[in-house]
Amino acid sequence: MNAKVLKTLEYQKIIDRLTEMAGSVLGKEKCKNLLPSSDLEEIRTMQEETSLALSLLYQKGSVSFSGIFDVRGSLKRLEVGSILSPRELLRICRLLEVCNRVKAYSRKENPESEPTALDVMFNALQPLTPLANEIRRCIPSEEEISDDASPALKSIRRSMKQMNDKVHAQLTSMVNGSSRTYLQDAVVTMRNGRYCLPVKAEYRGQVPGMIHDQSSTGSTLFVEPMAVIKLNNELRELELKEEKEIEVILANLSSQSAEYLDAIESDLTLLTKLDFIFARAQLSKSYNGSEPVFNQNGVINIKKGRHPLLDARAVVPIDIRLGKDFDLLIITGPNTGGKTVSLKTVGLFTLMGQAGLHIPAFDKSELAVFENVFADIGDEQSIEQSLSTFSAHMTNIVSILKEADERSLVLFDELGAGTDPTEGAALAISILSSLHHRGIRAMATTHYSELKVYALSTPGVENGCCEFNVETLRPTYRLLIGIPGKSNAFAISSKLGLSDDIIEEAKAQLSQQDEDFETLISDLETSRVTIEREQEEINRYKEEIGALKKRLEQKQENLNNSREKILREANEQAHAILREAKEYADTTIKNFNKFGKEGIDSRAMEQERSRLREKMNSVEKNLSVQKERKPSKVLQPKDLHLGDSVKVLSMNLKGTVSSLPNQKGDLFVQMGILRSQVNIKDLELIADVETSSPGQRRTNTSKIKMSKSASVGMEINLLGKTVDEALAELDKYLDDAYLSHMPSVRVVHGKGTGALRKAVHNYLRRQKHVDSYRLGEFGEGDAGVTIVTFK
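All values derive from a computational prediction rather than experimental measurement. (Residues numbered from 1 in each chain as written. Predicted model: local features only at pLDDT ≥ 70, side-chain atom pairs only at ≥ 80, totals over all residues. Heavy atoms only, no water.)

K.L.:
Explanation requested: the packing of helix H9 (residues 151-176) against helix H10 (residues 226-258) in the structure shown.
P.N.:
Packed helices, taken two at a time, are described by their axes: the angle between them and the distance between them. Two elements in contact, H9 and H10, have axes separated by 9 Å at closest approach and are oriented at 160 degrees. Taken together, the axis directions place H9 and H10 in an arrangement best described as roughly antiparallel. Along this stretch, H9 crosses H10, giving a crossing that reads as left-handed. By residue class, the composition of the contact of H9 with H10 is 14 nonpolar, 4 polar and 7 charged. (Axes fitted to C-alpha atoms, helices over the stretch in contact; angles between N-to-C directions. Helix = DSSP H or I, 4+ residues; strand = E, 2+ residues; numbered from the N terminus. Parallel < 35°, antiparallel > 145°, perpendicular 65-115°, else oblique. Left-handed = near helix turned anticlockwise from the far one by under 90°. Nonpolar A, V, L, I, M, F, W, Y, C, P; charged D, E, K, R; others polar.)

Next comes the structure, spelled out in structure tokens:
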């Protein structure tokens, strides 16, 4: 890749950003040296590594590579048996600590999953934790060796401390004793590594000892008293022993490190590479990049690409195609409309992608692998070389035409500008034709109408334009492929206040052909805007229809689920009600039998019967609200006969026909002890089962006939009975009449003394299934009869 295009397309600015993302010096060095590659396999490998690292960044967050030092020099010294300094050993320790941190970061939740390219690198890391811990234990910092580094060092330092204390005690006694008057200051100081006292020069003979130094004025002598010379000598010997022991410790640590030379060198290489890969991933994350799909067919298809050096909040994404239907794209439009940015975006994306970097565009954007990228962009004027703008551009273009081939991408900005428009346009067409015939992928920006016509009339060449809003006098920066751009000079000038007369005169200077061409472009632009608006509206309607369809399907699914749930719950509830009613009835019958045997009084029996009536009412009410089912075959009145077995669908009960349907289709059906009026539409005819299989017991409850309840009369005669007998018989009669759905009955109790009538009325007052009662009127039996009406 030629160096000039890297500068022209500002590739180095991307590299500078990448370098900031690296955490180590070696990682930053790799970032600075990153250049685009033309090897497809290498490019795909680097892109895959960047994508895997980016995925980890989103899943686990970032990992720090700070602490990786270049220890290659130290490793070379270890090879020849040298002893490393504490600083060098600590750098090896920090390298291993970073290795351990990265290794922990790489642990997967599912260890059995297929290993990726990054997993292979992570698995190859060797943290050498024992060695790192040993170095950290012995060397807390670059200026300090720990007392616990060895027992000998600890013993030496303990002796040094004791000796120091002795020297200080001796000197302190002299400072605070008789020698105080001979001292310049009451302090203990150190000169040449030995403890001294500041003695006044005039009292030199009063403090015997060795003079080590004097003040600048000569008034103070720093004397080591004779009393501490021996102690200081012993202290110095201990210091020499300490240095020798530290050297032994460093030699031991160096020897241990030398055993892992290959592992440490491998860790350094792997961590540097991982730092480089994660720096690329961090850069991709910063501009929301994606991995491009590479091909060797020269096809470029960038979807919603954003120039990475522009403000992400202001940049307008563009779609660019090249190399499939056409290999030469000519972009026209007004200045500052985004033509040059489009050129630079394609060129920079190509360089970034081939360097293993993600591009700020939608997923599955396509890029081609080019051996070289050439760009003639910007003002190439050179005063030193006496070149005009046109000459400088042409010099560059000549060089490009010599070096470019079918594996090259060529970018021209304002091709043919800087000279006579007619000649410049002809020259530009000739240059582009040469590239086109040689099969070289190229993009060019221009203002020349001749190039627009050339693109329209030449196969494999396509027009493009940068959209401009005449109303606001601002470019929209959208790149439209397939439509030639219009200069809009007249419209812009008019908006800016140029006189209409001048504009009309300028239009008159145009040839009819030029005017027709501009009008055609204007009509095309108007049609494009209309079609685009209609397409957006169609897409919006499609989205709304899709959303409505989805909601309708969801609603239908919910209805189906709800219906099945309701039916299931209803069946379960009906079965539970019937089971409960049966159990309650069985219990009640047992109680009645018990009452009869034990002679329980009528009041207790009355309470038990009241509870039974309430329970039966509740059962009937619950059964009546079950979901109605339609019979498989609609019955006709002629299909039914007295005694036929039928099924009442709304109650899910079987019974027998006890009356024929009336004109409305209503009839009475006997279902066990329950006799109910139903409509013929709610019935289903069932066949009588005369026989059953062996071992099975026939229990068809619909065949049970309650003869008494079926033949209940309209009145009961209580004359001649005692109150207890009458009430017991009345209670049984009212139950049968109520279950037979009679609206009202007559109770004959006679006039007499009125005691029986009063007992009957008191009894009726307590019955919940009795709606009202009254004495008979004239012709009904007068006061000797009570008319009872049921609820």
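K.L.:
Teacher, can you tell me more about the packing of helix H4 (residues 40-60) against helix H11 (residues 261-286) here?
P.N.:
The contact between H4 and H11 brings their axes to 8 Å, and the two run at 70 degrees. Our classification of the angle between H4 and H11 gives roughly perpendicular. On the side of H4, the interface is formed by Met-46, Glu-49, Thr-50, Ala-53, Leu-54, Leu-56, Leu-57 and Tyr-58, while H11 contributes Lys-273, Phe-276, Ile-277, Phe-278, Arg-280, Ala-281, Gln-282, Ser-284 and Lys-285. In the contact of H4 with H11, the residues fall into 10 nonpolar, 3 polar and 4 charged. (Contact = heavy atoms within 4.5 Å.)

K.L.:
What exactly am I supposed to notice about the confidence of the model for the chain here?
P.N.:
Detailed reading of the predicted coordinates is not advisable wherever pLDDT falls low. Looking at the chain, pLDDT values average 82 and 84% of them are 70 or higher. Throughout residues 625-631 the model reports pLDDT below 50, and contacts reaching past four residues in sequence, or to other chains, amount to 14 contacts. Contacts of residues 689-710 to residues separated by more than four positions or lying in other chains number 19 contacts, the stretch itself having pLDDT below 50. (pLDDT = per-residue confidence, 0-100.)

K.L.:
It is not clear to me how the side chain of Asp-413 should be interpreted in this structure. Could you clarify?
P.N.:
Looking at the secondary structure, you find Asp-413 in the loop between strand E11 (408-412) and helix H14 (421-437). Dropping the residues within four chain positions of it, Asp-413 is found in contact with Thr-340, Leu-343, Asp-376, Ile-377, Gly-378 and Thr-445.

K.L.:
Could you clarify how one ought to interpret the packing of aromatic side chains in this entry?
P.N.:
The description of two aromatic rings rests on the distance between their centres and on the angle between their planes. Using the criterion set out here, one finds 4 aromatic pairs in the structure. Considering the side-chain rings of Phe-65 and Phe-278, the 5.7 Å spacing of their centres and the 45 degrees angle between planes classify their relative orientation as tilted. In this pair, Phe-65 sits in the loop between H4 and helix H5 (72-79) while Phe-278 sits in helix H11, placing the two residues 213 residues apart along the sequence. Owing to a relative accessible area of 4%, Phe-278 belongs among the buried residues under this scheme. Consider the rings of Tyr-105 and Phe-278, whose centres lie 6.0 Å apart with planes at 75 degrees: the pair is edge-to-face. Of this pair, Tyr-105 sits in helix H6 (residues 86-105) while Phe-278 sits in helix H11, and the two are 173 residues apart along the sequence. Each of the two residues, Tyr-105 as well as Phe-278, counts as buried. Counting every residue linked through ring pairs, the aromatic cluster contains Phe-65, Tyr-105, Phe-122 and Phe-278. The lysine or arginine in question, Arg-540, covers the ring of Tyr-541, its NZ or CZ lying 6.0 Å from the ring centre. (Phe/Tyr/Trp six-rings, centres within 6.5 Å; stacked < 30°, edge-to-face > 60°. Buried < 20%, exposed > 50% of the residue type's maximum accessible area, 1.4 Å probe, protein only. Lys NZ or Arg CZ within 6 Å of the ring centre and 35° of its normal.)

K.L.:
In this structure, what is going on with the sheet that holds strand E22 (residues 770-775)? I would like to understand it.
P.N.:
By way of backbone hydrogen bonds, the strands of a sheet pair with one another, either parallel or antiparallel. Strand order across the open sheet formed by 4 strands is E20-E21-E23-E22, with mixed pairing between neighbours. Of all the strands in the sheet, the pair left with one neighbour each is strand E20 (715-717) and E22. Within this sheet the neighbouring strands show an average axis-to-axis angle of 20 degrees, counted without direction. Bridge count for strand E21 (residues 744-748) against strand E23 (residues 785-790) is 5 bridges, and the pairing is antiparallel. Residue Arg-746 lies in a different strand from E23, and its bridge partner there is Ile-787. Its contacts with the sheet put helix H21 (residues 723-739) on E20, E21 and E23, and the angle it makes with E20 is roughly 170 degrees. Strand contacts of helix H22 (residues 755-765): E21, E22 and E23, with the helix running at about 160 degrees to E22, the strand carrying the most contacts. (Pairing = 2+ DSSP bridges.)

K.L.:
Sorry, what's going on with the pairing of strand E17 (residues 666-671) here?
P.N.:
In summary, the side chains of a regular strand alternate between the two faces of the sheet. As defined by bridge partners, strand E16 (residues 653-657) adjoins E17 across 2 bridges and the pair is classed as antiparallel. Paired with Thr-656 across the strands is Gln-670, a residue of E17. In this sheet, strand E18 (residues 674-679) lies alongside E17 in antiparallel orientation, the contact comprising 6 bridges. Bridge pairing links Met-671 to Leu-674 in E18.

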